[in-house]
Amino acid sequence: MAKGIREREFQNLMIQWSLSMGWGFTAGRALPRETTQTVIAGHLRDAIVRLNSGVIDGFDADAVVEEIIAAVNAVEGGLVRANEQVLRLLRGHKEFRDADGVWHALKVIDVEHPTANTLVVSDEVTITVPGKTSRRFDIVYWVNGLPLVVVEVKSPTAKSGWANAAREINDVYAAEYPWFFTPNVFAVASDGLKLRFGAVGAPLNLWQPFRSTADENLFGRADVQRSVELLLNPATVLDMLANFALFDTAGGGVDKKYLPRYPQMEAARLIHERVLAGGQKGLIWHHQGSGKTLLMVFAASLLLSDTRTDSPTIVLLSDRTQLVRQTSGVFTSAMGDAYFHQPVTSQELRALLADDVRGVISTTVHKFADAGKNLSTRDNIIVLVDEAHRSQSDKSKSLAGQMRAALPHAKFFGMTGTPLRNLATDTFALFGEETDPGRVLHRYSVSRSLRDEATVPVMLDPHPVSFEINDQELQAEFDQFADGFDLDDPDREALSRKFGRLTSVFANPDRIHTVCQDIVDHYLAGAYRNGLKAQVVAYNRELAVAYTDKINDLLAGFEASQVLAEVGKHDQITAEVNISVSDSKDEDPTMRPFRLSEAEEEEQKRRFLTPDDPLCFLVVTAKLMTGFDAPNEGVLYLDKPLKAHNLFQTITRPNRTWVSPTGFVKTSGVVVDYIGLAEEVQRAVVDPTPEGAGKGGGFVTDVSDLIAEFRNTFARIEDLLADLDDLDLTVHGYESVRAINVFLDANPGSAEPFSRDYRLLARLYPLINTDKRIAKYRDGFGLFGSVYTTLFKKSSDEERKERLAELGPMVLEIINAHVHSFAVVASQEEPLVLDAQGIAILKELMALVRTKPGKDDGQDKTRPSAAEILERIKAALDKGVEPGSAKYTALAERIRLLRDRIIQTAQDALDFLSEALRIARAIVHAGKHPEEAVVLDEDHVGVLSRIIHDHAPAGLTITERNLAEEIDQVVTRTLAQSWDNADARNRGVRRATAAVFRRFMLKPVGEPYDSTVAYIEAHYLVD
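Residues numbered from 1 in each chain as written. Predicted model: local features only at pLDDT ≥ 70, side-chain atom pairs only at ≥ 80, totals over all residues. Heavy atoms only, no water.

(A) How the structure looks around the packing of helix α35 (residues 960-975) against helix α36 (residues 982-999). Relative to each other, α35 and α36 sit at 150°, their axes nearing to 9 Å. With respect to α36, the axis of α35 lies roughly antiparallel. Seen along the crossing, α35 lies across α36 with a hand that is right-handed. Only Arg 985, Gly 988, Val 989, Ala 992, Thr 993, Val 996, Phe 997 and Arg 999 of α36 make contact with α35, whose side of the interface consists of Leu 963, Glu 966, Ile 967, Val 970, Val 971, Thr 974 and Leu 975. Of the residues assigned to the contact of α35 with α36, the class counts are nine nonpolar, three polar and three charged. (Axes fitted to C-alpha atoms, helices over the stretch in contact; angles between N-to-C directions. Helix = DSSP H or I, 4+ residues; strand = E, 2+ residues; numbered from the N terminus. Parallel < 35°, antiparallel > 145°, perpendicular 65-115°, else oblique. Left-handed = near helix turned anticlockwise from the far one by under 90°. Contact = heavy atoms within 4.5 Å. Nonpolar A, V, L, I, M, F, W, Y, C, P; charged D, E, K, R; others polar.)

Encoded structure:
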């Protein structure tokens, strides 16, 4: 079928870009081959003669070509196995027998010198056999007559995108003509705006972009051109062929082909170069879920295949036994069992190292305990450490210290998504070279990972569980109990400490039922319907068991069975527990039934990873929270306080990409938070790099990067809409939406960049929406979302399918706005636990609201509760301000809001006191100045109202507050715009304020304008 003109234009552009990289063009119809042939035999024969000049005279070159063509055309055992065998041949690992019966490894492709090969790019390449429909490949890249890369393109204006191109390669071309793909290194799919590459037959979520971490973000055609220049450069194609196309066909599962993501390729290359240069260490900092384990495999493969490393020993190190088992098949496929070792005991590990065994040793750091010093003094032992922030310390008695003593001249490379710098561990000092920027050899940040769609955004969905408690009745019952047993004060205090802990609240049967019911309802309403699975993180082992039992009870109930019947996938689904249970005699007998053998645990994980298996929940407390790679996990229910890197690694569990067997594309993961970890999450992601270490890696650095990217993207949309007169981004109504839609319709080239940038905003927003720095963008983001929705409604069916995946964050925000947790009020009678700052605030607060002590009054021996503080503030209000007045109403409302606050932590208590102090000061001021309006510290409108009132010119007829509100809105809106610098921003704010004054028929000179501007500069324009 004839191609659209735009598709051919883009196809020609790709070929044009390729020519400058050394490819020669020959039209498909002009290739010296029959359409039934996969290989250009003449090119292949010439290359074999040219590349093997020293030995080829002893061969029948035509017979060698026929043998290679026969291998290319053989696809028995499946395409992946055939592809592995042909690529092995192309790497020069297959031997051929000459006329004298001597075997030689012949070079088919010169992977080290790309220009020594015949490089051809062709368009419209036809393949056919009798009885089959002929197919035509858009672009084929040939090396010495072998089709190493196949490209399928779609028009930039077509309904279908790159995904349809990839599906055609997988489901049509490779299915009908598999032998054309046995020499294939990778395939490429592009629609001119996006480019993705992947292994033929791989699920679409494994097709990745190919970029460079050194480049700034590019979009559209510029991004595609850069990808072509990087990926389809002959050197990259041959590097991928020689070193980075790996296979797992060793049995025990589905045959797989692994291709690298570009950050994996970059980092593996840097490790390889560092080793060759004699370097001793390096730190690789890649975002969680972006493939660090596979990166270790690629690096190990590079090191082992290079003769300059002198047959090294590669130690793949973990603090968990199961880490590299999932990729062990790659090594056994590539090298055979003799070169891959997984020692079962410490003695076996020591024997392997003492005997100078070469190849790969996959082990755990624990097996180095008591290994002794100088177990092996070779300097070509390379240790690749996964999760390098754990179990790694420079202390000599630590496991890592003992390992380094046993291997004193080894080279150490650490892979981590959460490097640490604290009193116990400094990942940067331990693994980082001082000469590396920020002591990091290679970085792959959160923002790049999201943009590349290597991971999906994770949204924190708070479901706080509050409760009420009758303190007086509880205390009375406890006192009665203590009196009955004649307990003295120390005993009572000890009992209160022991049973007043968090565990008592978590173990409450009503709370267990409440949380588990919410988990089941939430899961069945969303994740289950899309084929996703879930993890539950409980407070301790006992609660993990209790939650598992309760979830299973609820899943067996009538309501759950109705949902299962409606979806029609399972008659019953289940939850199972996975906790650490030892086989020691001291183990709790009630926990022993839940101990899993290694084989049982592997089987449990296999069932969880199988989409159709009814095991839908894994309930854990410590195990499987880090390092467990489950792409089909869509939601994690978190009901355990966590901190620092443990929290960060846990909340990134659902961030893996996944496509279900039915075609559902996972676009985000969700962490349902039952204990209010939002602030702790911010602390967990603090970037431990020193100041000025550069951009990239960590999450808080990335939070700033994400916010910067959000702002830049937002500004691009603003620039796109700059010609729209009087567009107010704070007005989220029909007129604004309609105005933008009319503009986009009138400018045909504007809808695509608007949609593209909005989709990026939608991916970034869930990760940063709690940050104060983007508060001023929320109205505009909501407005853009409404416009995007209208564009979506007008889209074709294909475009609707493609864009549905991008609406997830919007839908979740809508759901969250209407989901309310159980509205039980937490106790406010708990004494406030404060630090020195809090005590100082408390003293000032009490001095403001308490009457002077009499003779019988001494200092309080106990700190007042939150309720007592509020009662005293309320009493001060009743005494000092006239009831029923506007001032009384405003302050009483603030007290009511403060009363509703739940105090859970010392920081909450401190914030509570600070707010209480502001209100108390306002009450005291109101009593002393009854003629003035009530103004709290952060009430800009109130302050501006008072300024206007105090400096109002004679005859002012407008309401001061109306003018103040207008100024506040205009200033806030002006600040939300994109400004080149602070001076330009400040001038813009002053002009906007002057315009408001003119609109209200007031002069923008003198008073009250001067005082208004002075206040704005002091309180709004603070950088």
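Structure's up, so let's keep going.
(B) Up close: the pairing of strand β7 (residues 186-190). Within β7, five of the five residues are buried, which leaves it mostly tucked inside the rest of the structure. Here four bridges tie β7 to strand β8 (residues 195-198), and the two strands are oriented antiparallel to one another. The residue of β8 that forms the bridge with Ala 187 is Gly 198. The antiparallel pairing of β7 with β8 creates a hairpin that spans four residues between the two strands, and Gly 192 there sits at a positive phi of about 90°. (Buried < 20%, exposed > 50% of the residue type's maximum accessible area, 1.4 Å probe, protein only. Pairing = 2+ DSSP bridges.)

(C) Representation of the nonpolar core in the model. Counting residues in hydrophobic clusters, the biggest one holds 111 residues, and the most contacted among them are Met 14, Leu 90, Leu 148, Phe 186, Met 240 and Leu 384. The element that contributes the greatest number of residues to this core is helix α9 (residues 292-305), accounting for nine residues. Excluding residues within four positions of it along the chain, Phe 186 makes contact with Leu 148, Val 149, Val 150, Phe 197, Gly 198, Leu 231, Leu 232, Val 237, Met 240 and Leu 259. Residues Ala 538, Ala 544, Ile 551 and Val 577 belong to the second largest nonpolar core, which totals 41 residues. (Core = buried A, V, L, I, M, F, W, Y, C linked by side-chain atoms within 4.5 Å.)

(D) Representation of helix α6 (residues 220-231) within the structure. Compared with the 16 Å implied by 1.5 Å per residue over 12 residues, the 16 Å span of α6 between its first and last C-alpha is a close match. Listed in full, the buried residues belonging to α6 are Gly 220, Asp 223, Val 224, Ser 227, Val 228, Leu 230 and Leu 231. (Expected span 1.5 Å × (residues − 1).)

(E) Main features of the packing of helix α8 (residues 262-276) against α9. Two elements in contact, α8 and α9, have axes whose closest approach is 9 Å; the angle formed by their N-to-C orientations is 40°. Taken together, α8 and α9 sit at an angle that is classed as oblique. Our pair here, α8 against α9, has a crossing hand that is right-handed. For the pair α8 and α9, contact is made by Gln 264, Ala 267, Ala 268, Arg 269, Ile 271, His 272 and Val 275 and by Leu 294, Leu 295, Phe 298, Ala 299, Leu 302 and Leu 303, respectively. By residue class, the composition of the contact of α8 with α9 is 10 nonpolar, two polar and one charged.

(F) Fine view of the pairing of strand β22 (residues 633-638). Within β22, six of the six residues are buried, leaving the element largely enclosed by the surrounding structure. Both strand β19 (residues 533-537) and β22 contribute to a ladder of five bridges, which runs parallel. Counted as the bridge partner of Val 536 is Tyr 637 from β22. When β22 meets strand β23 (residues 669-673), the two strands line up parallel, connected through four bridges. By the bridge assignment, Val 635 is partnered in β23 with Val 670.

(G) Just the sheet that holds strand β5 (residues 135-143), in detail. Taken in spatial order, the six strands line up as β1-β4-β5-β6-β7-β8 in an open sheet, and their pairing is mixed. Bordering the open sheet on either side are β1 (24-25) and β8, each of which pairs with just one other strand. With eight bridges connecting them, strand β4 (residues 119-127) and β5 associate as antiparallel partners. Its bridge partner lying in β5, Ile 127 is registered against Arg 135. Along the sheet face, helix α7 (residues 234-244) touches β4, β5, β6 (146-153), β7 and β8 and points at about 115° away from the line of β6.

(H) Structural view of the environment of Pro 147. For Pro 147, the position within the fold is in strand β6. Aside from chain neighbours lying at most four places away, what touches Pro 147 is Thr 38, Val 140, Tyr 141, Trp 142, Phe 180, Pro 183 and Asn 184.

(I) Structural view of the side chain of Thr 974. Relative to the elements of secondary structure, Thr 974 occurs in helix α35. The class for Thr 974 is buried, based on a relative accessible area of 8%. Aside from chain neighbours lying at most four places away, what touches Thr 974 is Trp 979, Gly 988, Val 989 and Ala 992.

Geometric descriptors of this kind do not, in isolation, establish any biological role.
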